[in-house]
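Fold and contact review
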Amino acid sequence: MNITRSRVAGITRGLSHGMRNASSLVVGEHDGKSVSQGTLAAITAASKLGGDVSLLLMGKGLGDVSGTAASVAGVSKVLCVDNDALDHNLSENCAAALHSVAKDKAYSHILAPSSNHGKNYIPRTAAMMDCAPLSDITAVLGEDSFQRPMYAGNAMATVQMKDAIKFLLVRTTAFEKAAESGGSASVENVNVDGAGVGLSTWESESAKKSGRPELSGARVVVSGGRGMKNGENFGMLEEMADKLGGAVGASRAAVDAGYVPNELQVGQTGKVVAPDLYVAVGISGAIQHLSGMKDSKTIVAINKDKEAPIFQVADYALADDLFKAVPDMNAKL
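Residues numbered from 1 in each chain as written. Predicted model: local features only at pLDDT ≥ 70, side-chain atom pairs only at ≥ 80, totals over all residues. Heavy atoms only, no water.

**Some remarks on helix α4 (residues 91-104)**
Stated formally: Starting at the N terminus, helices and strands are each numbered in turn, a helix being any DSSP run of H or I of at least four residues and a strand any DSSP run of E of at least two. Each residue after the first adds 1.5 Å to the expected span of a helix. Exposure classes here rest on a 1.4 Å probe applied to the protein chains alone. A residue is buried below 20% of its type maximum, exposed above 50%, and partly exposed in between. Contacts are residue-level and defined by heavy atoms, with any inter-residue pair within 4.5 Å sufficient.
The terminal C-alpha atoms of α4 lie 20 Å apart, and with 14 residues this matches the ideal 20 Å at 1.5 Å per residue to within 8%. Burial analysis of α4 places ten of its 14 residues in the buried class, the great majority of the element. Of the residues making up α4, those classed as buried are S91, N93, C94, A95, A96, A97, L98, S100, V101 and A102. Contacts made by the buried residues of α4 are with β1 (24-27), β2 (53-59), β3 (77-82), β4 (109-113) and α5 (116-128).

Okay, structure coming up:
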């Protein structure tokens, strides 16, 4: 979808006056102590709309995180919904709680990070309010006009929204992170009505704990593809990631083959990352994978196929057998 630069400028000029009346609510993701890096990016996106930016925290025991969230630059108010039913971020309960807050307050825009969690409850809430959400926005062009990628990032669409409330999922790699200090927001506890908040109940989980950083916010990502041949060989990538203080990722081919769990998938149908360093090992470079990592600041590719498409986007390319190259690199790190 093509749009001329002059038309984009016209849209922005035409809406700049109306943006002064915008009032935005950012739904924050947190670990109980601080908000996520994705939330900081969503706050930056909201600040581009003009007007006040409020931050909504949902969960159980929000005392610590509300204090740190109040210091985030650009946030005017922190709203806390402290409820036992919100302890594990179940989408049905989060959607009901957000709906209860949104229907009572006059927000023109509701934003959240475009994470798996955000994609789960934001559409539910939008449907409750008879609105259509817009996912993966990468630019704010006006109060009702936004840019988002299409066709694995090969085209950029400008979308104009006409709903009374704009529900937006923010591609967190497209916006700078708001400063975690310098703000002085007020903190307000909010009670939500009980309708739907306890619709789902938490039973249990089986999770493998890792000391590595979360994939979406990691400074370094080491990813493996089908060329790794099996899951055991990912051990050499884990060693490299640990030495570099990074996270481990994978292509869809490696996930589909059962080498690693799907939460490590990077790409169009996985997680979008933009680390300072992305190391692609045994990854051919399908367009679906490139769409999830091509904004990385430095890309290193290791593949024995000299014609692999990944080399076209790599800053540093090594055409060699990964089973020789990676151990050699690990030994020198």
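**What to know about the packing of helix α6 (residues 234-244) against helix α9 (residues 322-332)**
The cut-off we apply is this: The convention used is that axes are lines fitted to C-alpha atoms, helices contributing only their stretch in contact, and that angles between N-to-C directions extend from 0 to 180 degrees. What sets the label is the angle itself: under 35 degrees gives roughly parallel, over 145 gives roughly antiparallel, 65 to 115 gives roughly perpendicular, and the rest give oblique. Crossings are assigned a handedness: left-handed for a near helix turned anticlockwise from the far helix by less than a right angle, right-handed for a clockwise turn. Each residue gets one label: Ala, Val, Leu, Ile, Met, Phe, Trp, Tyr, Cys and Pro are nonpolar, Asp, Glu, Lys and Arg are charged, and the others, such as Gly, are polar.
α9 packs onto α6 with a crossing angle of 30 degrees between their chain directions and a minimal axis gap of 10 Å. In terms of their interaxial angle, α6 and α9 are classed as roughly parallel. As for how α6 packs across α9, the hand of that crossing is left-handed. The residues of α9 that touch α6, namely those facing M236, L237, E239, M240 and K243, are L322, F323, V326, P327, M329, N330 and A331. Of the residues contributing to the contact of α6 with α9, the split by class is nine nonpolar, one polar and two charged.

**A closer look at the sheet that holds strand β8 (residues 155-160)**
We apply this condition: Whether two strands pair comes down to DSSP finding at least two bridges between them.
One open sheet holds the three strands; their spatial order is β6-β7-β8, and the pairing between them is antiparallel. Two strands in the sheet have a free side with no partner beyond their single neighbour: β6 (139-140) and β8. Across six bridges, the pairing between strand β7 (residues 145-150) and β8 is antiparallel. Across the sheet, S145 pairs through a bridge with Q160, a residue of β8.

**Some words on the packing of α4 against α5**
Where α4 contacts α5, the two axes come as close as 8 Å, and the packing angle between them is 45 degrees. Viewed along their axes, α4 and α5 adopt a mutual orientation that is oblique. By crossing handedness, the relation of α4 to α5 is classed as right-handed. Along the contact surface, α4 presents S91, E92, C94, A95, A96, L98 and H99, while α5 presents H117, N120, Y121, I122, R124, T125 and M128.

**Focus: the pattern of salt bridges**
To keep things clear, this is the line we draw: Salt bridge, as used here, is a side-chain nitrogen of Lys or Arg placed within 4 Å of a carboxyl oxygen of Asp or Glu.
By the definition in use, this model includes twelve salt bridges. Note that R124 and E92 form a salt bridge whose closest N and O atoms lie 3.7 Å from each other. Residue R124 is located in helix α5, and its partner E92 is located in helix α4; the two are separated by 32 residues in the primary sequence. Residue D136 is joined to R171 by a salt bridge in which the shortest nitrogen-to-oxygen separation is 3.5 Å.

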